[in-house]
Amino acid sequence: EDQVTQSPEALRLQEGESSSLNCSYTVSGLRGLFWYRQDPGKGPEFLFTLYSAGEEKEKERLKATLTKKESFLHITAPKPEDSATYLCAALTGGGNKLTFGTGTQLKVEL
Amino acid sequence: DAGVIQSPRHEVTEMGQEVTLRCKPISGHNSLFWYRQTMMRGLELLIYFNNNVPIDDSGMPEDRFSAKMPNASFSTLKIQPSEPRDSAVYFCAVGGDTGELFFGEGSRLTVL
């Protein structure tokens, strides 16, 4: 059975304090690793897709990287508006089925 | 932005009642997904449709749950009879072959 595990469950940072979120996966036939951001009371919003080990994607203060066993979401000099739950998901098999992790709840304080 | 519209946004009902959740995707995508989100289990895929045809319903918890997609612009998820353990946020999402999904804002269901 495909498994996606995220750590830590919750992370509190001071504004400007860089850190990384981890997503480890045990799946058969990874076709893509996805990162989403979810704000309270909203649906998840797509951030990145990574397809192969060594690939990196960047967007503002966020950078996602991928290895054969895990993905990291690096947050550089975070701001309070980066506070949200970050979800990763693995696309496997022949269909369009995404398996999600349970997320990391990030809070950035002034 | 696919602009997926879900209704109702909030529903409170009593155990044993029928619940119908609705999804209207505004833009054209060939796949539609129903997910359930709880604190304990996170986002779980219940069922997905491709070109209005159910492809994988292995995540549907039991026979009390059913989903339909009569056309490309409308889908329903029905729970009958509802139970307290069904309390969760239910999301509808649409996507294509890339795996990138566009989610609605969810329907928060509370079963008393």
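Computed from a predicted model, the values in this text were never measured in an experiment.

Chemist: Is there a simple way to explain the sheet that holds strand β1 (residues 3-7) of chain A in this structure?
Modeler: In a beta sheet, neighbouring strands pair by backbone hydrogen bonds and run either parallel or antiparallel. All names here are of chain A. On the basis of which strands lie adjacent, the open sheet formed by five strands has the order β1-β3-β8-β7-β6 and antiparallel pairing. The two strands at the open ends of the sheet, each matched to only one other strand, are β1 and β6 (56-59). Adjacent strand axes in the sheet meet at a mean angle of 15°, parallel and antiparallel pairs treated alike. The sheet contact formed by strand β7 (residues 62-66) and strand β8 (residues 70-75) spans five bridges and is antiparallel. Across the sheet, Leu62 pairs through a bridge with Ile75, a residue of β8.

Chemist: How should I be thinking about the interface of chain B and chain A in this particular structure?
Modeler: A common way to state how big an interface is: give the accessible area lost once the parts meet. Contact with chain B, which involves 23 residues of that partner, is made by 18 residues of chain A. When chain B packs against chain A, the two sides together hide about 1500 Å² of surface, and 52% of this comes from carbon and sulfur. The tally of links from chain B across to chain A stands at two salt bridges. The partner of Lys42 of chain A in a salt bridge is Glu105 of chain B, with the nearest N and O atoms 3.0 Å apart. At the boundary of chain B with chain A, the tally comes to five residue pairs in polar contact (both at pLDDT 80 or more). Looking at the side of chain B that touches chain A, the elements with two or more residues in it are β4 (31-38), β5 (42-50) and β10 (101-103) of chain B. Considering only residue class, the side of chain B that touches chain A consists of eight nonpolar, nine polar and six charged.

Rules used in this analysis
Residues numbered from 1 in each chain as written. Chains lettered and ligands numbered in written order. Predicted model: local features only at pLDDT ≥ 70, side-chain atom pairs only at ≥ 80, totals over all residues. Heavy atoms only, no water. Pairing = 2+ DSSP bridges. Helix = DSSP H or I, 4+ residues; strand = E, 2+ residues; numbered from the N terminus. Axes fitted to C-alpha atoms, helices over the stretch in contact; angles between N-to-C directions. Contact = heavy atoms within 4.5 Å. Buried area = accessible area lost by both parts, 1.4 Å probe. Salt bridge = Lys/Arg side-chain N within 4 Å of Asp/Glu carboxyl O. Polar contact = N/O pair within 3.5 Å; in protein donor to acceptor, adjacent residues only side chain to side chain. Nonpolar A, V, L, I, M, F, W, Y, C, P; charged D, E, K, R; others polar.

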